[in-house]
Amino acid sequence: MTSRRSGVTSARDLHFPDLVWSHFSRPRFGDFDERVAAAAAAGMQGIGLYVFEYERLRTEEGRSPADIRGVLDSNGIALADVEVARGWWATEGAEHEACQRIEALAYEMADEFGVRYLQAIGPYDCPFEQAVERFAGLCDRAAAHGLLVGIEWLPYTNIADAADAQAIVRAADRPNGGYCVDIWHHVRGANDLTMIEALEPERVFAVQMNDGPLTPDLDDYKPDCLANRVPPGDGEFDCVGFVKLLAKMGVDAPISLEVCSTRLWDGPIEEAAHASADAMRRVLAAAGVAS
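Residues numbered from 1 in each chain as written. Predicted model: local features only at pLDDT ≥ 70, side-chain atom pairs only at ≥ 80, totals over all residues. Heavy atoms only, no water.

1. Re the overall build of the protein chain
For the protein chain, the helix and strand inventory stands at twelve helices and eight strands. Overall, the C-alpha framework of the protein chain stretches about 50 × 45 × 35 Å when taken along its three principal axes. Counting the 291 residues in the protein chain, one finds 57% classified as buried. A sequence separation of at least 24 residues applies to 81% of the contacts in the protein chain between residues at least 6 apart. Of the accessible surface of the protein chain, which amounts to about 11,300 Å², a share of 49% is contributed by carbon and sulfur atoms. (Helix = DSSP H or I, 4+ residues; strand = E, 2+ residues; numbered from the N terminus. Buried < 20%, exposed > 50% of the residue type's maximum accessible area, 1.4 Å probe, protein only. Contact = heavy atoms within 4.5 Å. Areas by Shrake-Rupley, 256 points an atom, 1.4 Å probe, with all protein chains shown as cover.)

2. Section: the side chain of Arg-35
Within the secondary structure, Arg-35 is located in helix α1 (residues 32-41). Buried charge without a partner: Arg-35 forms no salt bridge, and the closest opposite charge is Glu-53, 5.9 Å away. (Lys, Arg positive; Asp, Glu negative; His and termini not counted. Salt bridge = Lys/Arg side-chain N within 4 Å of Asp/Glu carboxyl O.)

3. A closer look at the pairing of strand β3 (residues 78-85)
Within β3, eight of the eight residues are buried, leaving the element largely enclosed by the surrounding structure. Of the strand pairs in this sheet, strand β2 (residues 46-50) and β3 are connected by five bridges, and their pairing is parallel. Bridge pairing links Ile-47 to Leu-79 in β3. In the sheet, β3 pairs with strand β4 (residues 117-121) via three bridges, with the strands oriented parallel. Bridged to Ala-85 within β4 is Ala-120. A crossover connection joins β3 to the parallel β4 through helix α4 (residues 93-113); in handedness this β-α-β unit is right-handed. (Pairing = 2+ DSSP bridges. Right-handed = clockwise from strand over helix to strand, strands pointing away.)

4. So, the packing of aromatic side chains
Under the counting rule described, the total for this entry stands at seven aromatic pairs. On the numbers, 5.9 Å between centres and 55° between planes, the contact of Phe-29 with Tyr-50 is tilted. Of this pair, Phe-29 sits in the loop between β1 (19-21) and α1 while Tyr-50 sits in strand β2, and the two are 21 residues apart along the sequence. Joined through ring pairs, the aromatic side chains of Phe-24, Phe-29, Tyr-50 and Phe-52 make up one cluster. (Phe/Tyr/Trp six-rings, centres within 6.5 Å; stacked < 30°, edge-to-face > 60°.)

5. Observations regarding empty space enclosed by the protein
Applying the stated rule across the entire model yields one cavity of 30 Å³ or more. In this structure, the largest cavity spans a volume of roughly 40 Å³. Contributing to the lining of the largest cavity are Trp-153, Asp-161, Ala-162, His-185, His-186, Ala-190, Asn-191, Asp-192, Met-195 and Ile-196. Counting residues per element, the ones that place at least two in the lining of the largest cavity are α7 (183-187) and α8 (193-197). (1 Å grid on protein atoms, 1.4 Å probe; cavity = no way out; pocket = protein on both sides within 12 Å on 5 of 7 lines; lining within 4 Å. Points joined across faces, edges and corners; volume = space filled by probe spheres on them.)

6. Some words on the sheet that holds strand β6 (residues 177-182)
The eight strands are arranged β1-β2-β3-β4-β5-β6-β7-β8 in a closed barrel whose pairing can be described as parallel. Taken pair by pair, the neighbouring strands of this sheet meet at an average axis angle of 30°, ignoring direction. Lying on the sheet, α4 is in contact with β2, β3 and β4; it crosses β3 at an angle near 170°. Sheet strands touched by helix α6 (residues 162-172): β5 (148-152) and β6. Its angle to β6, the strand with the most contacts, is close to 165°. (Axes fitted to C-alpha atoms, helices over the stretch in contact; angles between N-to-C directions.)

7. Section: the pattern of salt bridges
Under the defined criterion, the tally for this structure stands at 15 salt bridges. The partner of Arg-281 in a salt bridge is Asp-278, with the nearest N and O atoms 3.2 Å apart. Here Asp-278 and Arg-281 lie together in helix α12 (residues 269-287), a separation of three residues that amounts to about one turn. Bridged by salt links that share partners, the residues Asp-33, Glu-53, Arg-56, Glu-61 and Arg-63 form one connected network.

8. A few points about the layout of surface pockets
Of the pockets and cavities examined, the largest pocket occupies roughly 280 Å³. Looking at the largest pocket, it is lined by 19 residues, and the ones nearest its centre are Arg-86, Ile-121, Glu-152, Tyr-156 and Leu-226. Secondary structure elements with two or more residues in the lining of the largest pocket: β3, β4 and α9 (221-225). Across the lining of the largest pocket, the residue classes break down as eight nonpolar, four polar and seven charged. (Nonpolar A, V, L, I, M, F, W, Y, C, P; charged D, E, K, R; others polar.)

9. Points about the pairing of β2
Two faces make up the sheet, and in a regular strand the side chains alternate between them. With respect to burial, β2 is a largely interior element, five of its five residues being buried. Taking every second residue as pointing to the same face, both faces of β2 are buried, with Gly-46, Gly-48 and Tyr-50 on one and Ile-47 and Leu-49 on the other. Pairing analysis gives two bridges linking β1 to β2, with the strands arranged parallel. Considered in β2, the bridge of Trp-21 is made with Ile-47.

10. Overview of the packing of helix α2 (residues 51-59) against α4
Running from N to C, α2 and α4 point in directions that differ by 75°, and their axes come no closer than 9 Å. Classified by the angle between their axes, α2 and α4 sit roughly perpendicular to one another. Along the contact surface, α2 presents Val-51, Phe-52, Tyr-54, Glu-55 and Arg-58, while α4 presents Arg-101, Ile-102, Leu-105, Ala-106, Glu-108, Met-109 and Phe-113. Here the contact of α2 with α4 is composed, by residue class, of eight nonpolar, no polar and four charged. (Parallel < 35°, antiparallel > 145°, perpendicular 65-115°, else oblique.)

Quick look at the structure:
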(Lines give C-alpha, C1' and ligand atoms only; values in the text may rest on other atoms or scores of the structure.)
Protein backbone atom coordinates (compact mmCIF):
# COMPACT_ATOMS: atom_id res chain seq x y z
CA MET A 1 0.00 0.00 0.00
CA THR A 2 1.47 3.38 -1.00
CA SER A 3 0.39 6.94 -0.36
CA ARG A 4 -1.73 9.02 -2.68
CA ARG A 5 1.23 11.43 -2.84
CA SER A 6 3.95 8.93 -3.74
CA GLY A 7 6.57 10.57 -5.92
CA VAL A 8 6.47 14.05 -4.36
CA THR A 9 10.03 15.36 -4.60
CA SER A 10 9.78 18.88 -3.16
CA ALA A 11 10.01 18.95 0.62
CA ARG A 12 8.15 22.24 0.76
CA ASP A 13 5.16 20.59 -0.93
CA LEU A 14 4.75 18.09 1.91
CA HIS A 15 1.68 18.35 4.13
CA PHE A 16 -0.27 16.38 6.71
CA PRO A 17 -0.40 13.34 6.54
CA ASP A 18 2.49 12.77 4.10
CA LEU A 19 5.12 10.45 5.55
CA VAL A 20 8.78 11.21 6.21
CA TRP A 21 11.23 8.60 7.51
CA SER A 22 13.09 10.21 10.39
CA HIS A 23 16.85 9.86 10.34
CA PHE A 24 16.97 8.24 13.76
CA SER A 25 14.73 5.39 12.68
CA ARG A 26 18.04 3.91 11.52
CA PRO A 27 21.58 3.99 12.97
CA ARG A 28 23.17 7.44 12.74
CA PHE A 29 25.71 6.70 10.02
CA GLY A 30 25.76 4.70 6.82
CA ASP A 31 23.50 3.09 4.21
CA PHE A 32 22.24 6.35 2.72
CA ASP A 33 21.26 4.86 -0.63
CA GLU A 34 19.51 1.95 1.04
CA ARG A 35 17.69 4.31 3.40
CA VAL A 36 16.32 6.37 0.51
CA ALA A 37 15.31 3.31 -1.51
CA ALA A 38 13.57 1.72 1.47
CA ALA A 39 11.61 4.88 2.21
CA ALA A 40 10.47 5.02 -1.40
CA ALA A 41 9.54 1.34 -1.52
CA ALA A 42 7.41 1.82 1.61
CA GLY A 43 5.53 4.67 -0.06
CA MET A 44 6.98 7.51 1.99
CA GLN A 45 7.52 10.94 0.47
CA GLY A 46 10.64 12.10 2.30
CA ILE A 47 13.47 11.36 4.68
CA GLY A 48 15.18 13.28 7.43
CA LEU A 49 18.96 13.52 7.61
CA TYR A 50 21.36 14.10 10.50
CA VAL A 51 23.73 16.97 9.73
CA PHE A 52 26.79 14.91 10.58
CA GLU A 53 25.70 12.07 8.30
CA TYR A 54 25.48 14.67 5.54
CA GLU A 55 28.96 15.86 6.48
CA ARG A 56 30.21 12.26 6.37
CA LEU A 57 28.71 11.74 2.92
CA ARG A 58 30.44 14.88 1.68
CA THR A 59 33.84 14.33 3.29
CA GLU A 60 34.39 10.61 3.89
CA GLU A 61 32.48 9.29 0.87
CA GLY A 62 33.35 12.25 -1.32
CA ARG A 63 29.83 12.77 -2.60
CA SER A 64 28.82 16.06 -4.16
CA PRO A 65 25.38 17.61 -3.62
CA ALA A 66 24.61 16.52 -7.18
CA ASP A 67 25.46 12.90 -6.27
CA ILE A 68 23.16 13.02 -3.24
CA ARG A 69 20.43 14.73 -5.23
CA GLY A 70 20.66 12.00 -7.84
CA VAL A 71 19.91 9.32 -5.23
CA LEU A 72 16.95 11.28 -3.89
CA ASP A 73 15.51 12.14 -7.30
CA SER A 74 15.88 8.66 -8.74
CA ASN A 75 13.72 7.39 -5.89
CA GLY A 76 11.23 10.28 -5.87
CA ILE A 77 12.14 11.17 -2.29
CA ALA A 78 12.45 14.65 -0.78
CA LEU A 79 15.07 15.59 1.79
CA ALA A 80 12.56 17.03 4.22
CA ASP A 81 14.10 17.50 7.68
CA VAL A 82 17.49 18.34 9.17
CA GLU A 83 18.51 17.07 12.61
CA VAL A 84 19.52 18.74 14.89
CA ALA A 85 20.47 22.24 16.15
CA ARG A 86 21.74 22.32 19.70
CA GLY A 87 23.70 25.00 21.53
CA TRP A 88 21.72 27.72 19.69
CA TRP A 89 21.37 29.60 22.98
CA ALA A 90 25.12 30.19 23.38
CA THR A 91 26.97 33.38 22.40
CA GLU A 92 30.53 32.06 22.74
CA GLY A 93 32.58 29.02 23.60
CA ALA A 94 32.38 25.41 22.49
CA GLU A 95 28.57 25.23 22.37
CA HIS A 96 28.42 28.31 20.14
CA GLU A 97 31.13 27.03 17.81
CA ALA A 98 29.47 23.62 17.53
CA CYS A 99 26.14 25.22 16.67
CA GLN A 100 27.77 27.39 14.01
CA ARG A 101 29.12 24.23 12.39
CA ILE A 102 25.68 22.57 12.55
CA GLU A 103 24.00 25.63 11.08
CA ALA A 104 26.47 25.86 8.21
CA LEU A 105 25.74 22.24 7.25
CA ALA A 106 21.98 22.71 7.65
CA TYR A 107 21.95 25.82 5.48
CA GLU A 108 23.97 24.10 2.78
CA MET A 109 21.43 21.28 2.82
CA ALA A 110 18.53 23.74 2.60
CA ASP A 111 20.11 25.60 -0.31
CA GLU A 112 21.03 22.44 -2.20
CA PHE A 113 17.96 20.29 -1.60
CA GLY A 114 15.12 22.60 -0.58
CA VAL A 115 14.86 21.14 2.92
CA ARG A 116 11.77 22.50 4.71
CA TYR A 117 12.54 22.05 8.41
CA LEU A 118 15.35 22.28 10.98
CA GLN A 119 14.92 20.65 14.39
CA ALA A 120 16.17 22.46 17.51
CA ILE A 121 16.51 21.01 21.00
CA GLY A 122 17.54 22.07 24.48
CA PRO A 123 18.70 22.32 27.08
CA TYR A 124 19.74 25.94 27.29
CA ASP A 125 22.24 27.07 29.88
CA CYS A 126 21.46 30.77 30.13
CA PRO A 127 18.70 33.11 31.32
CA PHE A 128 15.33 32.63 29.64
CA GLU A 129 15.57 36.04 27.97
CA GLN A 130 18.84 35.09 26.29
CA ALA A 131 17.35 31.80 25.10
CA VAL A 132 14.48 33.72 23.52
CA GLU A 133 16.84 36.17 21.82
CA ARG A 134 19.10 33.43 20.54
CA PHE A 135 16.21 31.29 19.28
CA ALA A 136 14.91 34.33 17.41
CA GLY A 137 18.35 34.75 15.87
CA LEU A 138 18.43 31.11 14.81
CA CYS A 139 15.04 31.55 13.16
CA ASP A 140 16.20 34.67 11.34
CA ARG A 141 19.30 32.96 9.98
CA ALA A 142 17.30 29.90 8.96
CA ALA A 143 14.66 32.03 7.23
CA ALA A 144 17.31 33.28 4.81
CA HIS A 145 17.52 29.67 3.58
CA GLY A 146 13.78 28.97 3.51
CA LEU A 147 13.80 26.86 6.67
CA LEU A 148 11.18 26.45 9.34
CA VAL A 149 12.61 25.87 12.83
CA GLY A 150 10.85 23.76 15.43
CA ILE A 151 11.69 23.25 19.08
CA GLU A 152 11.34 19.63 20.15
CA TRP A 153 10.71 19.46 23.86
CA LEU A 154 12.55 16.70 25.71
CA PRO A 155 11.48 15.77 29.26
CA TYR A 156 15.09 15.34 30.41
CA THR A 157 15.94 18.98 29.53
CA ASN A 158 14.72 22.38 30.71
CA ILE A 159 12.50 22.54 27.62
CA ALA A 160 10.60 19.62 29.10
CA ASP A 161 7.11 19.99 27.69
CA ALA A 162 4.94 21.80 25.17
CA ALA A 163 4.38 24.74 27.51
CA ASP A 164 8.14 25.28 27.90
CA ALA A 165 8.60 25.28 24.13
CA GLN A 166 5.62 27.57 23.64
CA ALA A 167 7.01 30.14 26.06
CA ILE A 168 10.17 30.48 23.97
CA VAL A 169 8.41 30.41 20.60
CA ARG A 170 5.83 33.00 21.58
CA ALA A 171 8.40 35.33 23.11
CA ALA A 172 10.70 35.01 20.08
CA ASP A 173 7.74 35.74 17.77
CA ARG A 174 9.28 34.66 14.48
CA PRO A 175 7.02 33.45 11.65
CA ASN A 176 9.26 30.46 10.97
CA GLY A 177 9.65 29.53 14.65
CA GLY A 178 7.45 26.75 15.98
CA TYR A 179 7.23 23.26 17.39
CA CYS A 180 7.99 19.60 16.86
CA VAL A 181 5.29 17.45 18.44
CA ASP A 182 6.69 13.99 19.20
CA ILE A 183 4.14 11.62 20.72
CA TRP A 184 6.87 9.85 22.72
CA HIS A 185 7.93 13.00 24.57
CA HIS A 186 4.28 13.91 25.11
CA VAL A 187 3.22 10.57 26.59
CA ARG A 188 6.42 9.92 28.52
CA GLY A 189 6.57 13.56 29.65
CA ALA A 190 3.75 15.80 30.84
CA ASN A 191 1.13 13.68 29.05
CA ASP A 192 -1.23 16.66 29.16
CA LEU A 193 -3.33 17.04 26.02
CA THR A 194 -4.38 20.55 27.04
CA MET A 195 -0.77 21.62 26.38
CA ILE A 196 -0.97 20.19 22.86
CA GLU A 197 -4.35 21.80 22.25
CA ALA A 198 -2.89 25.16 23.33
CA LEU A 199 -0.25 25.09 20.59
CA GLU A 200 -0.87 27.29 17.58
CA PRO A 201 -1.56 24.69 14.84
CA GLU A 202 0.08 26.82 12.15
CA ARG A 203 3.30 26.69 14.19
CA VAL A 204 3.40 22.90 14.48
CA PHE A 205 6.05 22.36 11.83
CA ALA A 206 6.87 18.72 12.59
CA VAL A 207 4.93 15.74 13.92
CA GLN A 208 6.87 12.69 15.03
CA MET A 209 4.96 9.45 15.47
CA ASN A 210 5.99 6.20 17.14
CA ASP A 211 4.71 4.08 20.00
CA GLY A 212 5.85 2.15 23.03
CA PRO A 213 4.82 0.72 26.38
CA LEU A 214 3.40 3.11 28.96
CA THR A 215 5.91 1.73 31.47
CA PRO A 216 9.49 2.41 30.30
CA ASP A 217 11.75 -0.53 29.54
CA LEU A 218 14.71 1.38 30.99
CA ASP A 219 14.87 3.74 33.96
CA ASP A 220 17.10 6.19 32.08
CA TYR A 221 14.83 8.24 29.77
CA LYS A 222 17.28 9.11 27.02
CA PRO A 223 18.64 5.63 26.19
CA ASP A 224 15.13 4.24 26.44
CA CYS A 225 13.72 6.68 23.88
CA LEU A 226 16.63 6.00 21.51
CA ALA A 227 16.24 2.21 21.54
CA ASN A 228 12.80 0.95 22.50
CA ARG A 229 10.21 2.59 20.28
CA VAL A 230 7.84 0.58 18.11
CA PRO A 231 5.79 1.54 15.04
CA PRO A 232 2.65 3.62 15.66
CA GLY A 233 -0.23 1.50 16.86
CA ASP A 234 1.99 -1.39 17.93
CA GLY A 235 2.40 -0.16 21.52
CA GLU A 236 0.25 1.29 24.29
CA PHE A 237 0.12 4.99 23.32
CA ASP A 238 -3.17 6.40 22.01
CA CYS A 239 -1.81 7.06 18.53
CA VAL A 240 -5.25 7.16 16.94
CA GLY A 241 -6.54 9.72 19.42
CA PHE A 242 -3.39 11.79 19.03
CA VAL A 243 -3.74 11.90 15.24
CA LYS A 244 -7.42 12.78 15.56
CA LEU A 245 -6.51 15.70 17.81
CA LEU A 246 -3.84 17.02 15.43
CA ALA A 247 -6.26 16.75 12.49
CA LYS A 248 -9.00 18.52 14.47
CA MET A 249 -6.56 21.31 15.35
CA GLY A 250 -5.75 21.81 11.68
CA VAL A 251 -2.07 20.84 11.88
CA ASP A 252 -0.62 20.70 8.36
CA ALA A 253 2.89 19.33 8.97
CA PRO A 254 3.95 16.03 7.42
CA ILE A 255 4.27 13.06 9.74
CA SER A 256 7.80 11.98 10.53
CA LEU A 257 8.10 8.34 11.55
CA GLU A 258 10.73 8.35 14.28
CA VAL A 259 10.86 4.76 15.40
CA CYS A 260 14.18 4.44 17.19
CA SER A 261 14.36 0.68 17.66
CA THR A 262 17.41 -1.48 18.09
CA ARG A 263 15.21 -4.45 17.17
CA LEU A 264 14.33 -2.92 13.81
CA TRP A 265 17.91 -1.74 13.28
CA ASP A 266 19.04 -5.35 13.50
CA GLY A 267 16.70 -6.45 10.72
CA PRO A 268 16.52 -5.67 7.00
CA ILE A 269 16.14 -1.97 6.27
CA GLU A 270 13.21 -2.57 3.90
CA GLU A 271 11.27 -4.36 6.64
CA ALA A 272 11.87 -1.49 9.06
CA ALA A 273 10.56 1.06 6.57
CA HIS A 274 7.48 -0.98 5.67
CA ALA A 275 6.72 -1.79 9.32
CA SER A 276 6.58 1.87 10.28
CA ALA A 277 4.81 3.16 7.16
CA ASP A 278 2.20 0.41 7.07
CA ALA A 279 1.52 0.78 10.80
CA MET A 280 1.10 4.55 10.42
CA ARG A 281 -1.38 4.08 7.58
CA ARG A 282 -3.44 1.80 9.81
CA VAL A 283 -3.45 4.51 12.48
CA LEU A 284 -4.48 7.14 9.93
CA ALA A 285 -7.29 4.92 8.67
CA ALA A 286 -8.54 4.30 12.21
CA ALA A 287 -8.43 8.07 12.83
CA GLY A 288 -10.44 8.74 9.67
CA VAL A 289 -7.58 10.62 8.00
CA ALA A 290 -7.15 9.96 4.29
CA SER A 291 -3.60 8.99 3.33
